Amino acid sequence: MNSDEAKYDRVLDLLRKSRPVLDSKEEIEEKVIRIITQKQEKKEISSGVLDFLFGWVYVGWVRTGLVAASVILIIAFVYQQAVIIKRINNLNRQAIYIESQIITGRSLDSDAGYFYRLAGRKLQSGDKMISEKQVKQVIKSYNELEKKYKDLIKLIEDDPELMKYIEEKLIENNKKKFKL
Amino acid sequence: MIDFEIIEECRKGNLSNFRKLVGETAPYAFSVAFRMLGDEALAEDIVQETMVTIWQKIGRIRSVDGFKKWLYKIVINKCYDELRRKKRIQEYNPSDPEWAVISNHLSHEPVAEMENRETAALISLLTYCLSPRQKAVFVLCDLEEMTLDEASEITGMRKANIKANLHYARKRINEMITKYI
């Protein structure tokens, strides 16, 4: 045996003799028991909920099946709701063209909202259905619009120069339209 | 070491018996973890985690022998995880007073026992360049004095692999001893 091997054996002997001493054995015991107790308590709470819901089923595999089915149904329900909400949000964001007007779903104006709802339904020109209430609403909004611009019309009629100027502008606009 | 009746009681969910089991087995688990990691606090954490795992999976145990091997297997695997996580590759530099104590121990005939701190320093110095597998084989075969078969069952390595890893570990440790001691 050479000196290196002897050294190795001495070191190994020293390490074998010096077995590590666990000083905090009681402390570890306490900690382990505490962790296990806490985990058991958590488990009991979740199993208590399951017992409350499915405690009336005594056959193990039937109970497991019911739990699985209920989880699948809940997931399907949540998914369906999410899809519906997404579609509604998309519809709200859409812009709708009515002749020369652009009405968006975000408009707070009640009349605009009415037109939006009215035009939102993709009806064929031949079979548009409008209720009496909707006709009344159209008339009401027309009257409001007329009232709003009554003063403006009066002002234009009183001032011949202004009237002439507006007429010229209208003719110009019409010409442009024809050119286009 | 362990009474099978205690294991049976633990399987039924008896916590006071499990406390006894922890008391009896923790020193063995600590010894392996300490020698693998060279760190007392980390070894204590590994023992704690091992005991919780044992409680959770104790239903799988069929015999006392099986339990011992299973215990060591859990400890070794947790030590692997810890060593991979830490990846301590930097060279170990023993502080002078620490090293003087270790040299003093080696100069005595017969060699005297060391304290945990000194043992940790010596193990860290000798094994820092070994891979986790080589460390495990060295600790189980040379320090815990297990047979190749036992080490093979615990580590999941083939006997030929155990021999190869052990040979390499001994060679590197010999180099370290020649260099430092």
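Undergrad: Explain the overall build of chain B to me, please; I cannot follow it from the model alone.
TA: Assigned secondary structure in chain B consists of 9 helices and 0 strands. From first element to last, N terminus to C terminus, chain B shows the α and β order α-α-α-α-α-α-α-α-α. Across chain B, every contact between residues at least 6 apart in sequence was considered, and the portion connecting residues at least 24 apart equals 65%. Total accessible area on chain B stands at roughly 8,700 Å², and carbon and sulfur atoms take up 46% of it.

Undergrad: Which parts of the structure should I look at to understand a negative patch on the surface?
TA: A contiguous patch of negative charge on the surface is contributed by Asp 4, Glu 5, Asp 9 and Asp 13 of chain A. Structurally, Glu 5 of chain A is set in helix 1 (residues 3-17).

Undergrad: When you look at the confidence of the model for chain A in this model, what are you seeing that I'm missing?
TA: Close inspection of predicted coordinates is inappropriate in any region flagged by low pLDDT. Residue-level pLDDT values for chain A average 78, and 77% of them are 70 or greater. Ranking the elements of chain A by mean pLDDT puts strand 2 (residues 101-104) of chain A last with 52 and helix 3 (residues 60-93) of chain A first with 90.

Undergrad: I keep staring at a nonpolar patch on the surface and nothing clicks. Help me out?
TA: On the surface, a nonpolar cluster with roughly 490 Å² of combined accessible area is contributed by Leu 145, Tyr 149, Leu 152, Ile 153 and Leu 155 of chain A. Relative to the helices and strands, Ile 153 of chain A is located in helix 5 (residues 132-158).

Undergrad: Looking at this structure, how should I read the nonpolar core?
TA: Within soluble globular proteins, side chains that are nonpolar tend to cluster in buried spots. With 71 residues, the main nonpolar core has Phe 18, Met 36, Met 51 and Ile 54 of chain B as its most contacted residues. Per-element tally for this core: the top contributor is helix 2 (residues 15-37) of chain B, with 11 residues. Ignoring anything within four residues of it in the chain, the contact list for Met 51 of chain B reads Val 32 of chain A together with Phe 18, Val 22, Thr 25, Ala 26, Ala 29 and Leu 71 of chain B.

Undergrad: Could you clarify how one ought to interpret the side chain of Thr 155 of chain B in this entry?
TA: All names here are of chain B. Within the element layout of this structure, Thr 155 appears in helix 8 (residues 148-155). A polar contact of 2.7 Å, which involves the side chain of Thr 155, links it to the backbone oxygen of Ala 151. Once residues within four sequence positions are removed from consideration, Thr 155 is found in contact with Tyr 80, Ala 136, Leu 140 and Ile 162.

Undergrad: What should I look at first to understand helix 9 (residues 159-180) of chain B in this one?
TA: Quick reminder: α-helices carry 3.6 residues per turn. Residues three or four places apart thus point the same way. In this model helix 9 of chain B runs 31 Å from its N-terminal to its C-terminal C-alpha over 22 residues, within 8% of the 32 Å that 1.5 Å per residue would give. By the burial criterion, the buried members of helix 9 of chain B are Ile 162, Asn 165, Leu 166, Ala 169, Ile 173, Met 176 and Ile 177 of chain B. One face of helix 9 of chain B carries all of its buried residues, which in axial projection span an arc of 110°. What points out from helix 9 of chain B, more than 90 degrees from its buried face, is the exposed set Ala 160, His 167 and Lys 179 of chain B. Elements that come into contact with the buried residues of helix 9 of chain B comprise helix 1 of chain A together with helix 6 (116-127), helix 7 (132-143) and helix 8 of chain B.

Undergrad: For this particular structure, what's the right way to read the confidence of the model for chain B?
TA: Residue and element names in this part refer to chain B. Taken residue by residue, chain B gives an average pLDDT of 85. The fraction at 70 or more is 89%. Across chain B, the element-wise mean pLDDT spans from 70 in helix 5 (residues 96-107) up to 93 in helix 7. On the interface metric, ipTM, the complex scores 0.82, and its pTM is 0.61.

Undergrad: When you look at the packing of helix 6 of chain B against helix 9 of chain B in this model, what are you seeing that I'm missing?
TA: The axes of two packed helices give the description: the angle between them and the distance between them. Residues and elements named next belong to chain B. Contact geometry of helix 6 with helix 9 gives a least axis separation of 8 Å together with a crossing angle of 115°. Our classification of the angle between helix 6 and helix 9 gives roughly perpendicular. Only Ile 173, Met 176, Ile 177 and Tyr 180 of helix 9 make contact with helix 6, whose side of the interface consists of Leu 125, Leu 126 and Thr 127.

Undergrad: What exactly am I supposed to notice about the packing of helix 2 of chain B against helix 7 of chain B here?
TA: Residues and elements named next belong to chain B. Two elements in contact, helix 2 and helix 7, have axes whose closest approach is 9 Å; the angle formed by their N-to-C orientations is 130°. Classified by the angle between their axes, helix 2 and helix 7 sit oblique to one another. Between helix 2 and helix 7 lies a crossing of right-handed hand. Along its contact with helix 2, which presents Val 32, Arg 35 and Met 36, the element helix 7 presents Pro 132, Lys 135, Ala 136, Val 139, Leu 140 and Leu 143. Of the residues belonging to the contact of helix 2 with helix 7, the class tally is 7 nonpolar, no polar and 2 charged.

Criteria and thresholds
Residues numbered from 1 in each chain as written. Chains lettered and ligands numbered in written order. Predicted model: local features only at pLDDT ≥ 70, side-chain atom pairs only at ≥ 80, totals over all residues. Heavy atoms only, no water. Helix = DSSP H or I, 4+ residues; strand = E, 2+ residues; numbered from the N terminus. Contact = heavy atoms within 4.5 Å. Areas by Shrake-Rupley, 256 points an atom, 1.4 Å probe, with all protein chains shown as cover. Patch = residues over 30% accessible without salt bridge, like charges linked within 9 Å, V, L, I, M, F, W, Y side chains within 5 Å. Salt bridge = Lys/Arg side-chain N within 4 Å of Asp/Glu carboxyl O. Lys, Arg positive; Asp, Glu negative; His and termini not counted. Charge placed at Lys NZ, Arg CZ, Asp CG, Glu CD. pLDDT = per-residue confidence, 0-100. Core = buried A, V, L, I, M, F, W, Y, C linked by side-chain atoms within 4.5 Å. Buried < 20%, exposed > 50% of the residue type's maximum accessible area, 1.4 Å probe, protein only. Polar contact = N/O pair within 3.5 Å; in protein donor to acceptor, adjacent residues only side chain to side chain. Expected span 1.5 Å × (residues − 1). Arc of directions from axis to C-beta. Axes fitted to C-alpha atoms, helices over the stretch in contact; angles between N-to-C directions. Parallel < 35°, antiparallel > 145°, perpendicular 65-115°, else oblique. Left-handed = near helix turned anticlockwise from the far one by under 90°. Nonpolar A, V, L, I, M, F, W, Y, C, P; charged D, E, K, R; others polar.

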